[in-house]
Amino acid sequence: MDIFLERLFDGVTNGAVYAIMALALVVVFRSTGTINFAQGEMALFTTYLAWWLTTVGLPIWAGALAAGATGFLLGAVVERTLIRPIRRRNDMASLIVALGLFTAFNALAGLLWNSETKPMPSLFPAGLEDFFPVAGARLYWDALGVWLVVLALIAGVFFLFNRTRLGLQMRAVADNAESAALSGVPTGRILMLGWGLAGIVGSLAGVLVTPLSATQLSLTTMFPILIYASAAALFGGLDSPVGAVVGGLAIGVLEALITGYVEFIGGTLPQTAALVVIVLILLFRPTGLFGTRQLERL
Amino acid sequence: MTPIHVRTGSAAHRGLQIAGLAAAAGALLLGATMEAFRVGQLTNVMIFAIAISGLNLATGYTGLLSIGHSAFFGLGAYTTGVMVVTYGAAPMTTIPLAVLLCAVLGFVVGLPALRIRGLYLALVTLAVGVAFPEVVRRFEDLTGGAAGLVIRSRQLAPPEWTGLTVPQRGIWLYWVSAAALLITLVLVRNLTRSRLGIAMIATRDNEIAAAASGVRLATVKTTVFGLSGAVTGLAGSLFAMYVGALSPDGSFTLLKSIELITGLFLGGAATLFGPVVGAFAVVYLPYFTADLASGHVSGVIFGAVLIAIVFLMPEGIAGVAGRFLGRFIRIAPHENQGERP
Amino acid sequence: MRNRYLAAVGLSAVLLAAGCGGGETAAPASPADPAATAAAPASSAASVTPTDGCADPAAAAQPITGTLKVGWSAALSGPLAQAVGAVIDGMKSRFAVANAAGGIGGVKLEVVARDDAFNPEKAKANVGELIQADGVHVLSTFGSGQLNAIADDQNEACVPLLFGQASVPAYRDAVNFPWTTEYLPSAEVEMAVVVAQLKQKYPDGVDVALAANQTESGQGYANGFKKAIEGSNIKIVKEAPLTDPNAAATTLKASGAKVLVDAGVTTDCLALSMAVGRAGWKPETFIQPANCVDGKTLYEPAGDAADGQQIMVWLKDPGNPIYADDPGVKQYLADLEAQGNKLPLNNYTVNGWVVGDLMVDAFTKAAASPDGLSRLGIMNAARTQSYHPPMFIDGIDWKVTPTQALGIMAFRPFAWSAEKKTFEAQGDVIDISQNYQ
């Protein structure tokens, strides 16, 4: 039983990180209608910044704040200068720009801070003794910390989109930018804000996941996170924050359990198994579990 | 200046076509005389061009974004690899099987496209792309697993009728790839002008309108994915002969898919020669950026160049070139023919 | 968050083990002096390398004059760039010292490096260019995938590929790959030494839990271990894949084994340490693979969980206080400072330095041989090389003969002390080279 619980906790923790990144992707999609493929590498860049600040003496929470602020700035600037001008063209243009940013940010991080693996301090107490026992299994504080952050984030995002004026404006811009502009919504600022918020969320994901990662802080840390997060966002429905979180948790837990218990698939086909399940779900719900079906006028 | 109008089927048009072919033949012959490593580079470019042409069919012409084409590339490569190494087949004879298997996989991947669209479909292709290296590693008795599959050079000897020896396999593969690329381009050109081609483009532009106008989406999508996979699989098969060392995590991961997509859009999606230009870019751009600066700086420059291309040349290099040439010469259909799409 | 995906990409090449060692040179600034190295009479470097399969046999036997170029195809960009760069810089520093002493009989040494982004097809293209356009005389590379892509081509061209940074069993075959040698220790040999030590520690046998990475390197270690325990009273009671270190830790903990062997690659060491620590398990003996030798990034972050973990080491670590008075280490540090090398204490730099040292020794022996300083002479010298690089731990030599190309067949066990944050020796050098004649 304790092994099962430990695997479950691992799965939920992994899943929570995927969920946070997926939330960032959903925020971008809900505000501007595209997917930011470079979200992971932008988060990596800000995480390196946070790490660097800890090496010059600042505590990690200050580094995390700096990372969040930088993430916001980066997101807003990228949206204004690179994404907005070409958005109207087609999906593919934004995708290529995102691919370019993906390559550039990764290389920039490597350039500024070299590609050696760096141990990353955790925001939560992370010693070997920092856990509390649950039915024989150990629940570590830093894992619990990540879960709480996800809960706080989903509450925050939900509140933002459904209960605040800003959220209403964001939804309006995503739905029909022209009408929104005619109604007095400052569309430009809203778009920047959307990407900026996603930047903060992404940075948070980076700072949270790196201390728990096998490769700590290295140039390859965020790529698989992005893959799983994209799958989670799509699985849950690109315009649904709740879906993103459910998707992320589902993928994390599925992966942990399949790897642990299904030996035939387990050790060698974890990503395949998780993605196959998602594909099957998409076959029955083509816009994701919680996504809204699109109505198109001809 | 007003452009010169040339009618298809006229003598001037024929003349242009022959001149074009002669230029291509000349370029190929010139390439063949270069040093061995350049011949190898050019062969790699041609193989990439075929692979990107395959992707062009699904993503460029039909609008079905695929981020898993590395799986077709890999399946073609491994089919050839396994047939040559385990069953001692002659490399050329493995091509039909590789193409067939990839067509089948493409068809299967096209099936979800009936229900799932857009970025969600891209996720399905992502699943295929991610699954491929894992499956290869899982079935290591067949594929050599993570250690990879190595095709020794003597197994890649050119066929006897050519009179070439094992050390000359490079030039043999060069001409085979050139022939394969030519056939692929002709095929793509004819396909895009056929009814299926019109249906593909209609599907891309507005799927529902296309369906309302009588396009059978199910047939179009599955057929296109099948063909797309088959063409990229052909490239994979040739790739196995070129590099001889297959490794699931070295050459057939999502990063390869990203390279293919980059090449497609740099070159120009939904154009005939875009894939060829894109292949040149993808193979040679890293050399340029590495020359300018080493290590990570080249990565930054590469990313910046990609972004610049989107802003300055969104239809890709071939698209821009096409517009430029269009100022001088325009090919219009013969009066008796219908409009070209 | 287990980084399986790109980790597998980057790590199937076993990069470096390091252990640094001090080096002793008999006289300062004379490492190129043949008398200072182990004596190798000219007559023993008989022509063991065939040239009849060469595209141009005469070129292979032609004496090299002016500059001897060593070409690398390596990952100069991407996640491994730092490590790879340090290795190449270490080698360049060693060559600079040799050049300052007059080179190899007046011939200067130069390094040409081309980026392959850890991609086999780029490696193949690079090697073609290195041989045909850059005119290199000797090659090397990183990674088994890259080596696979270039082995046939470089053998056909009869350009020696020396001290390749990989450990693929196929290329230890002098008959099929006469122009290729590898530097990294064979997984089988390393595991045989590990087992030899386990037999010393547990004469009555012991139960072992094995965590195996699913890539080639991991499987190489796992199989090597299994082979080495055949016929002994050491038994594997549970094996688990390292794809998810947490799952592996919980599974193996349940087996109750006293010994845990990590048959993995560099990224697994820390992940498994942390996972085992958090699962609340403290195996009596925890064996890490030799390439996990970077204390600061791979052991320190795990805190107490890493205490007592053991690795096999063959290089002297210039940062380890036990070598503070070692003349070899002192000379090494002095040379590196003179060359302006920025990372003298980095394990990868030491590795590069040692590879440079081995090459200089091979070139020197070739120059003194009947075949002279030609590609053929160099290859023959490399095939019969017996040398103790000053930065190898005393008692560990590099030995290659025409019948075995293993190179490193001895190790010294070290264990990590979490309190002192350094590695401490756990006994004498274990040398099993007599098993591999």
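The residue count restarts for each chain, going from 1 along the sequence in the order it is written. Just so you know, chain letters begin at A and ligand numbers begin at 1, following the order they were written in. It should be noted that, the model being predicted, local features are given only for residues of pLDDT at least 70 and side-chain atom pairs only at 80 or more, the latter also being counted only at that level, while totals for whole chains, interfaces and linings use all residues. Processing note: side-chain calculations cover all non-hydrogen atoms of the structure and skip hydrogens and water entirely.

## Some details on the environment of Thr287 of chain A
Argument step 1. Tracing the sequence through the fold places Thr287 of chain A in the segment after helix 12 (270-284).
Argument step 2. On a C-alpha basis, the gap between Thr287 of chain A and Pro119 of chain A in space is 39 Å, while along the polypeptide they are 168 residues apart. To qualify as a helix, a DSSP run of H or I must reach at least 4 residues; to qualify as a strand, a run of E must reach at least 2; elements of each kind are numbered from the N terminus.

## Brief notes about the confidence of the model for chain C
Residue and element names in this part refer to chain C.
Argument step 1. Per-residue pLDDT for chain C has a mean of 86; in total, 89% of the residues score no lower than 70.
Argument step 2. Values of pLDDT, ranging from 0 to 100, describe the predictor's confidence in every residue of the model. In what follows, a contact means two residues having at least one pair of non-hydrogen atoms within 4.5 Å. The low-confidence segment residues 1-45, where pLDDT is below 50, has 149 contacts with residues more than four positions distant or belonging to other chains.
Argument step 3. Predicted complex, confidence summary: ipTM 0.87, pTM 0.87.

## Thoughts on the pattern of salt bridges
Side chains that differ in charge, positive against negative, can pair when their charged atoms come close.
Argument step 1. Basic side-chain nitrogens of Lys or Arg form a salt bridge, by our definition, when they fall within 4 Å of a carboxyl oxygen of Asp or Glu. In the structure shown here, the tally under the stated rule is 22 salt bridges over all chains.
Argument step 2. Between Asp153 of chain C and Arg169 of chain B there is a salt bridge, with its nearest N and O atoms 2.9 Å apart. Residue Asp153 of chain C is found in helix 5 (residues 144-157), and its partner Arg169 of chain B is found in helix 7 (residues 169-193); the two belong to separate chains. A single burial state applies to Asp153 of chain C and to Arg169 of chain B, both of which are buried.
Argument step 3. Lys256 of chain B serves as the salt-bridge partner of Glu121 of chain C, at 2.6 Å between the closest nitrogen and oxygen. Taken together, the positions of Glu121 of chain C in helix 4 (residues 120-132) and Lys256 of chain B in helix 12 (residues 254-267) put the pair across two chains.
Argument step 4. For every residue, the accessible area (1.4 Å probe, protein chains only) is compared with the maximum for its type, and the residue is labelled buried under 20%, exposed over 50%, or partly exposed between those bounds. On the basis of relative accessible area, Glu121 of chain C is assigned to the buried category, the value being 3%.
Argument step 5. One continuous salt-bridge network, built from bridges that share partners, spans Arg169 of chain B together with Lys124, Asp153 and Glu156 of chain C.

## Examining the interface of chain A and chain B
Argument step 1. Counting from both sides, the interface comprises 48 residues of chain A and, opposite them, 37 residues of chain B.
Argument step 2. In total, chain A and chain B occlude about 3800 Å² of area from one another, counting both sides; carbon and sulfur atoms represent 79% of this.
Argument step 3. At the junction of chain A and chain B, the tally comes to 0 salt bridges. Defined in terms of a 1.4 Å probe, buried area is the accessible area two parts forfeit on being brought together, summed over both.

## Things to note about helix 6 (residues 165-175) of chain A
All names here are of chain A.
Argument step 1. Gly167, Gln169, Met170 and Val173 are the residues of helix 6 that are buried. Buried residues along helix 6 cover an arc of 160° about the axis, so they all sit on one side. In helix 6, the exposed residues that point more than 90 degrees away from the buried face are Arg165 and Asp175.
Argument step 2. Each element contacted by the buried residues of helix 6 is listed here: helix 1 (2-32), helix 5 (141-163), helix 7 (177-182) and helix 8 (187-209). As used here, the arc is the angular range of directions from the helix axis to the C-beta atoms.

## Points about the environment of Glu134 of chain B
Argument step 1. With respect to the secondary-structure elements, Glu134 of chain B resides in helix 5 (residues 118-138).
Argument step 2. Remark: the alpha-carbon pair of Glu134 of chain B and Ala146 of chain B, spanning 12 residues in sequence, is separated by 9.0 Å.

## Overview of the interface of chain B and chain C
Often the size quoted for an interface is simply the accessible area lost on bringing the parts together.
Argument step 1. Contacts between the two partners involve 32 residues from chain B, matched on the other side by 31 residues from chain C.
Argument step 2. Taking both partners together, chain B and chain C bury about 2600 Å²; carbon and sulfur atoms supply 53% of that area.
Argument step 3. Put simply, chain B and chain C have 5 salt bridges between them.
Argument step 4. Between Lys122 of chain C and Glu259 of chain B there is a salt bridge whose closest N-O contact spans 3.9 Å.
Argument step 5. Here a polar contact is recorded for every N or O atom pair within 3.5 Å, except that within protein the pair must consist of a potential hydrogen donor and a potential acceptor, and residues adjacent in sequence are included only if both atoms are side-chain atoms. Our enumeration of links across chain B and chain C arrives at 10 residue pairs in polar contact (both at pLDDT 80 or more).
Argument step 6. Secondary-structure elements contributing two or more residues to the side of chain B that touches chain C are helix 2 (36-61), helix 10 (217-243), helix 11 (248-251), helix 12 and helix 13 (274-292) of chain B.
Argument step 7. Element by element, the count of residues in the side of chain B that touches chain C is highest for helix 2 of chain B, at 5 residues.
Argument step 8. In the scheme used here, Gly and all other residues not listed as nonpolar or charged are polar, with Ala, Val, Leu, Ile, Met, Phe, Trp, Tyr, Cys and Pro taken as nonpolar and Asp, Glu, Lys and Arg as charged. Split into classes, the residues belonging to the side of chain B that touches chain C amount to 18 nonpolar, 8 polar and 6 charged.

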